[in-house]
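Here is how the chains run, residue by residue.
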2 protein chains.
Amino acid sequence: MFSEQNAKAGVTFPQGFKAAGVRAGIKKSGNLDVAVIYTEKEAAVAGTFTQNAVAAAPVFASKKVVQTGTAHAVTANAGCANACTGEQGAADARSMQLITAQELGCQPDDVIVASTGVIGVNLPMDKMEKGIHQAVSELDEHGSENAGKAIITTDTYSKACATEVEIGGKNVRFGAIAKGSGMIQPNMATMLCFITTDAAIDSSLLQKALLEVVEVTFNMLSVDGDMSTNDMCIVLANGAAGNAKIESEGADYDTFKETLLKICRGLAERIASDGEGATKFLTIHVTGTKSFADAKKIGMSVANSPLVKTAFFGQDPNWGRVICAVGYAGVPMDPEKTVVKFGGIPVYAGGVGAEADEEALRAVMAKHDIVIEIDMGSGESEATVWTCDFSYEYVKINGEYHT
Amino acid sequence: MFSEQNAKAGVTFPQGFKAAGVRAGIKKSGNLDVAVIYTEKEAAVAGTFTQNAVAAAPVFASKKVVQTGTAHAVTANAGCANACTGEQGAADARSMQLITAQELGCQPDDVIVASTGVIGVNLPMDKMEKGIHQAVSELDEHGSENAGKAIITTDTYSKACATEVEIGGKNVRFGAIAKGSGMIQPNMATMLCFITTDAAIDSSLLQKALLEVVEVTFNMLSVDGDMSTNDMCIVLANGAAGNAKIESEGADYDTFKETLLKICRGLAERIASDGEGATKFLTIHVTGTKSFADAKKIGMSVANSPLVKTAFFGQDPNWGRVICAVGYAGVPMDPEKTVVKFGGIPVYAGGVGAEADEEALRAVMAKHDIVIEIDMGSGESEATVWTCDFSYEYVKINGEYHT
């Protein structure tokens, strides 16, 4: 169901959604940098946001929109984060809502706004105004691809997906675009992710489903342990599919949530895989803990260890660094009961290194996608964390001084 | 008082201590790799150790020695951590004690043992035995320099210091050797640090002083956020100075603790400055918090941010990344009240970037030693954290696969 063709359709795959991405001149590269997503039919809206105490201006503006329960549009830009910009930043985020509402004929409080890029720089509002004007004029049922490109920063490609499921006897569609790359360890929401669906669903149930799904998808993702000031994950559900509105938990809600889960998991995996400078995609599966929280702590400790990340960059099956990061995760452990596997091959068990087939282990380490299994042998809970390696390229991308 | 000459004297500066460092063939490089420090006169001993749940065998062995309150010797090696080595590892650590005791004519439980290097590899005990034998035969009042070299791994130089103070009308000497470099975010103790003094002091007071000093020195240090399996900080006090034994708190204890603090702070700074691949030494001074713990959390969050560390590597005055890391530290903050300075120059205040003299800021960023001041404006507490930048060289050192 996650076909290549559907993926391209992205946020415009569900009925009643249009999108556009244009060049407003905010990115220095001259690439697409302003996106608008629009549903004429009012949509229930849900959102999760960064927990960083230094949240960006658009985060505050969009939180208010989510509180109203409904929205018509999303306006997002890359190239400038509008973070640490004080009163001017708040005014600029509001202006993004006002300009979009004016162009679309909706209310400013119906417009989610998002920004990503450099911190501490004011938005060039003249360029923004022209960009929104142009994007609205180009809104199109095939506009998701451009919108996806307009929200990326150091991502090497735009993440998009789409799918269709049956809910209450009706075909219901979902689509999404997302961006990640650097400053990525979401805690409650992630970078930027916009999900659309033509399902009819109550906004408080939509929020419930989103929170639960984000907890086990985007919140399990780390590129570099840095939680951004601008993280945001938004779902718009406009009801155009004509299903009986989901107003309580049950089979329809379960199908809806399950689909949302698949979308978010797929995007989280791709964001980890496309982390800044990444050459490896690492899935860390922690089992045998007393709680999900313990398993997550251990997984994140391993995912954020620079020594683990550089070892995988060097294709070094250095389980010592993995078990060291497990050991300082702050979860009580019994080293004797703990088992670590790389690509299914045991490398640590019974408190010591396991005799591994060196040839087979070398083949695992040479792969792009590597699964690290850590069984703590102390309980029934588990968690999966996604991350990438740490390469020269990461240092290059973030150590280059652009005046 | 921290003269260059004294520094070289290191752990053999205090009366009654001898040391040696020899080549036992444990390091692949063939460099010095086994060190012995010895005091014929029994010494009070105190120690702090890693909190990593996967502690190495020598950590367990040395904890038992510290519990007895007295010791005569330290035997340490680099090139092999004797961590994750199970029962064999425990037996090997015990053998290090037995061999040393046999050579010196003391009890095995009088011998502190320590190892640093690769995790998951067994100690080559034949080489170890010959090494200890040779080191004991070379024990010398000028042996600290070689002992210091024998405990380093990827450090670019051996850290040593020595000093003399008056306690109870007697000249009392202190000396120390330490190693750091990678896998460095101690939590309770640090990497390897051996401190000697000829002061006479009760072992429980010695332990108290050490714990309090380590809390604000080695525990405030991070190279890469990775807490090692082998961290250990040991003090031996043999009483040879002839001062009236310090058996209660008071002026003598204060002088003793103050001196210990200066030694540990100096070594912590040098370990940060010589972090793996480091090109910058960063002192992060956090003020205006409600507690020391809050200030430490903020300092560590900034110190461990790969985006902050790569920015300083690139000499980029990117305060946005610093304030972002402050924001996700998990301490309530008021961005409007927060002030950030680089090298004394305000870069963030009142919730927005400050107008900084670009020329002056560029000069600050070009320096090797840079002070980052973060005033949270919300209390009277403060803390200082030391770290280094993140360079290509760090990735190279840790990403190279040595089979």
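Residues numbered from 1 in each chain as written. Chains lettered and ligands numbered in written order. Predicted model: local features only at pLDDT ≥ 70, side-chain atom pairs only at ≥ 80, totals over all residues. Heavy atoms only, no water.

> For this particular structure, what's the right way to read the overall build of chain A?
The number of helices and strands found in chain A is twelve helices and 14 strands. By the compact-globule yardstick of 22 Å for 403 residues, chain A fits well, its C-alpha radius of gyration being 22 Å. Reported as C-alpha extents along the three principal axes, the dimensions of chain A are approximately 65 × 55 × 35 Å. Out of the 403 residues belonging to chain A, those deemed buried represent 60%. For chain A, the share of sequence-separated contacts (at least 6 apart) that also reach a separation of at least 24 residues comes to 81%. (Helix = DSSP H or I, 4+ residues; strand = E, 2+ residues; numbered from the N terminus. Rg over C-alpha atoms; globule rule 2.2 N^0.38 Å. Buried < 20%, exposed > 50% of the residue type's maximum accessible area, 1.4 Å probe, protein only. Contact = heavy atoms within 4.5 Å.)

> Would you mind showing me how to read the nonpolar core here?
What tends to happen in soluble globular proteins is that the nonpolar side chains get buried as a cluster. Core analysis: the biggest nonpolar cluster contains 108 residues, and Phe194 of chain A together with Phe218, Phe256, Val322, Phe342 and Ile374 of chain B have the highest contact counts within it. With ten residues, the single largest contributor to this core is helix 7 (residues 251-273) of chain B. The contact partners of phenylalanine 194 of chain A, leaving out residues within four places of it in the chain, are Val11, Ile37, Val74, Ala76, Ala114, Ile151, Gly175, Ala176, Ile177 and Ile234 of chain A. Counting 80 residues, the second largest nonpolar core, distinct from the first, contains Ala44, Ala46, Tyr328 and Ile372 of chain A. (Core = buried A, V, L, I, M, F, W, Y, C linked by side-chain atoms within 4.5 Å.)

> Even after reading the chapter, I still don't get the UniProt feature "binding site: substrate" (unreviewed entry) in chain A, so can you show me in this structure?
Those places that UniProt annotates as "binding site: substrate" (unreviewed entry) correspond, in this numbering, to Thr153, Lys179, Thr190, Glu276, Asn398 and Thr403 of chain A. Relative to the assigned elements, asparagine 398 of chain A resides in helix 12 (residues 392-399). Classification of asparagine 398 of chain A by relative accessible area gives buried; the value is 4%. Residues within four places of asparagine 398 of chain A in sequence aside, it is in contact with Glu276 of chain A together with Leu307, Thr310, Ala311 and Arg321 of chain B. (UniProt positions renumbered as here; feature names shortened; annotations may be inferred.)

> Sorry if this is basic, but what is going on with the sheet that holds strand 13 (residues 369-375) of chain A here?
Backbone hydrogen bonds hold the strands of a sheet together, and the pairing may be parallel or antiparallel. Taken together, six strands build an open sheet; the order of strands is 12-11-10-13-9-14 (chain A) and the sheet is mixed. Edge positions in the open sheet fall to strand 12 (352-353) and strand 14 (381-388) of chain A, since each of these has one partner strand only. (Pairing = 2+ DSSP bridges.)

> For this particular structure, what's the right way to read the relation of the copies chain A and chain B?
If you rotate chain A by 180 degrees and push it 0.0 Å along the axis, it lands on chain B with an RMSD of 0.1 Å. Such a turn and shift between the copies fits a two-fold axis. The C-alpha atom lying nearest the rotation axis in chain A is that of tyrosine 392 of chain A; the distance is 2.8 Å. Most of the interface of chain A is mirrored in chain B: 100% of its interface residues are interface residues there too. (Least-squares fit on C-alpha atoms with pLDDT ≥ 70 in both.)

> Help me understand the packing of aromatic side chains in this model?
For any two aromatic rings, the description comes down to two numbers: the centre-to-centre distance and the angle of the planes. Per the counting criterion, the structure on display carries ten aromatic pairs over all chains. Here the aromatic rings of phenylalanine 174 of chain A and phenylalanine 256 of chain A are separated by 5.1 Å at their centres, their planes lie at 50 degrees, and the arrangement is tilted. Of this pair, phenylalanine 174 of chain A sits in strand 6 (residues 170-179) while phenylalanine 256 of chain A sits in helix 7 (residues 251-273); the two residues are 82 residues apart in sequence, bridging distant segments of the chain. Given a relative accessible area of 0%, phenylalanine 256 of chain A falls into the buried group. Relative to phenylalanine 390 of chain B, the ring of phenylalanine 390 of chain A lies with its centre 5.4 Å away and its plane at 75 degrees, an arrangement referred to as edge-to-face. With phenylalanine 390 of chain A in the loop between strand 14 and helix 12 and phenylalanine 390 of chain B in the loop between strand 14 (381-388) and helix 12 (392-399), this residue pair bridges two chains. Comparing phenylalanine 390 of chain A with phenylalanine 390 of chain B shows no difference in burial state: the two are buried. An aromatic cluster is built from Phe313 and Tyr392 of chain A together with Phe313 and Tyr392 of chain B, whose rings are joined through pairwise contacts. Above the ring of tyrosine 157 of chain A, the side-chain terminus of lysine 159 of chain A is found at 4.6 Å from the ring centroid. (Phe/Tyr/Trp six-rings, centres within 6.5 Å; stacked < 30°, edge-to-face > 60°. Lys NZ or Arg CZ within 6 Å of the ring centre and 35° of its normal.)

> Which parts of the structure should I look at to understand the sheet that holds strand 10 (residues 339-342) of chain B?
Residues and elements named next belong to chain B. Spatial ordering of the open sheet is given by 12-11-10-13-9-14, a layout of six strands whose pairing is mixed. Pairing within the sheet leaves two strands with one partner each, and these edge strands are strand 12 (352-353) and strand 14. Inspection of the sheet shows strand 10 paired to strand 13 (residues 369-375) by four bridges, in the antiparallel sense. Across the sheet, the residue bridging to valine 339 is aspartate 375, located in strand 13. Each of strand 10, strand 11 (345-349) and strand 13 touches helix 11 (residues 358-366); the most contacted strand, strand 11, lies at about 105 degrees to it. (Axes fitted to C-alpha atoms, helices over the stretch in contact; angles between N-to-C directions.)

> Quick question: what am I supposed to make of the interface of chain A and chain B here?
Many descriptions give the size of an interface as the accessible area lost when the pieces come together. Contact with chain A, which involves 52 residues of that partner, is made by 52 residues of chain B. Each partner contributes to the roughly 4,000 Å² buried at the junction of chain A and chain B, and carbon and sulfur atoms together form 67% of this total. Along the contact surface separating chain A from chain B lie zero residue pairs in polar contact (both at pLDDT 80 or more). Among the elements of the structure, helix 9 (306-313), helix 10 (319-327), strand 12 and helix 12 of chain A are those that each provide at least two residues to the side of chain A that touches chain B. (Buried area = accessible area lost by both parts, 1.4 Å probe. Polar contact = N/O pair within 3.5 Å; in protein donor to acceptor, adjacent residues only side chain to side chain.)

> For this particular structure, what's the right way to read helix 2 (residues 57-68) of chain B?
Along an α-helix, a turn takes 3.6 residues, which lines up residues three or four apart on a common side. Residue and element names in this part refer to chain B. Within the sequence span of helix 2, burial applies to Ala57, Pro58, Val59, Ala61, Ser62, Val65 and Val66. Elements in contact with the buried residues of helix 2: strand 2 (34-49), strand 3 (70-78), helix 3 (86-104), strand 4 (111-116), helix 6 (203-216) and strand 8 (232-237). Note on helix 2: the residue one or two positions beyond its end, glycine 69, has a positive phi of about 90 degrees.

> Just checking my understanding: could you explain helix 9 of chain A for this structure?
All names here are of chain A. Within helix 9, seven of the eight residues are buried, leaving the element largely enclosed by the surrounding structure. Those residues of helix 9 that fall on the buried side of the exposure criterion are Pro306, Leu307, Val308, Lys309, Thr310, Ala311 and Phe312. Of the residues flanking the end of helix 9, it is glutamine 315, one or two places downstream, whose phi is positive at about 55 degrees.

> What is the right way to read the pattern of salt bridges from this model?
Side chains that differ in sign of charge can pair as their charged atoms come close. All names here are of chain B. One pass over the structure, following the stated rule, counts 16 salt bridges over all chains. When the shortest N-O distance is used, the salt bridge between aspartate 155 and lysine 159 registers 2.9 Å. Like lysine 159, aspartate 155 is buried. With a closest N to O distance of 2.5 Å, lysine 159 and aspartate 274 form a salt bridge. (Salt bridge = Lys/Arg side-chain N within 4 Å of Asp/Glu carboxyl O.)

> Would you mind going over the domain arrangement of chain A with me for this structure?
Residue and element names in this part refer to chain A. Under the domain assignment used here, chain A contains domain 1 (4-273) and domain 2 (281-399). Look at where the C-alpha atoms of domain 1 and domain 2 centre, and you get two points 32 Å apart. Tallying the contact residues gives 17 residues for domain 1 and 15 residues for domain 2. Both faces combined, the contact of domain 1 with domain 2 buries some 1,400 Å², and carbon together with sulfur accounts for 61% of it. Remark: the boundary between domain 1 and domain 2 carries zero salt bridges. Our enumeration of links across domain 1 and domain 2 arrives at zero residue pairs in polar contact (both at pLDDT 80 or more). For the side of domain 1 that touches domain 2, the secondary-structure elements that each account for two or more residues are helix 6 (203-216) and helix 7. For the side of domain 1 that touches domain 2, the leading source of residues is helix 7, giving five residues. Here the residues of the side of domain 1 that touches domain 2 sort into six nonpolar, seven polar and four charged. (Domains from an automatic or database assignment. Nonpolar A, V, L, I, M, F, W, Y, C, P; charged D, E, K, R; others polar.)

> Would you take a moment to explain the environment of isoleucine 397 of chain A for this structure?
Residue and element names in this part refer to chain A. Note that isoleucine 397 resides in helix 12. Overall, the relative accessible area of 24% leaves isoleucine 397 in the partly exposed class. With 120 residues separating them in the primary sequence, isoleucine 397 and glycine 277 have C-alpha atoms 7.4 Å apart. Residue contacts for isoleucine 397: discarding those within four places in its chain leaves Thr154, Glu276 and Gly277.

> Explain the packing of helix 3 of chain B against helix 4 (residues 125-137) of chain B to me, please; I cannot follow it from the model alone.
Relative placement of two packed helices is described by the angle separating their axes and the distance separating the axes. Residue and element names in this part refer to chain B. At a closest axis distance of 10 Å, the pairing of helix 3 and helix 4 adopts a crossing angle of 30 degrees. Compared by their axis directions, helix 3 and helix 4 come out roughly parallel. Helix 3 and helix 4 meet at a crossing whose hand is right-handed. Residue-level contacts link Asp92, Ser95, Met96, Ile99, Thr100, Glu103 and Leu104 of helix 3 to Met125, Met128, Glu129, Ile132, His133 and Val136 of helix 4. (Parallel < 35°, antiparallel > 145°, perpendicular 65-115°, else oblique. Left-handed = near helix turned anticlockwise from the far one by under 90°.)

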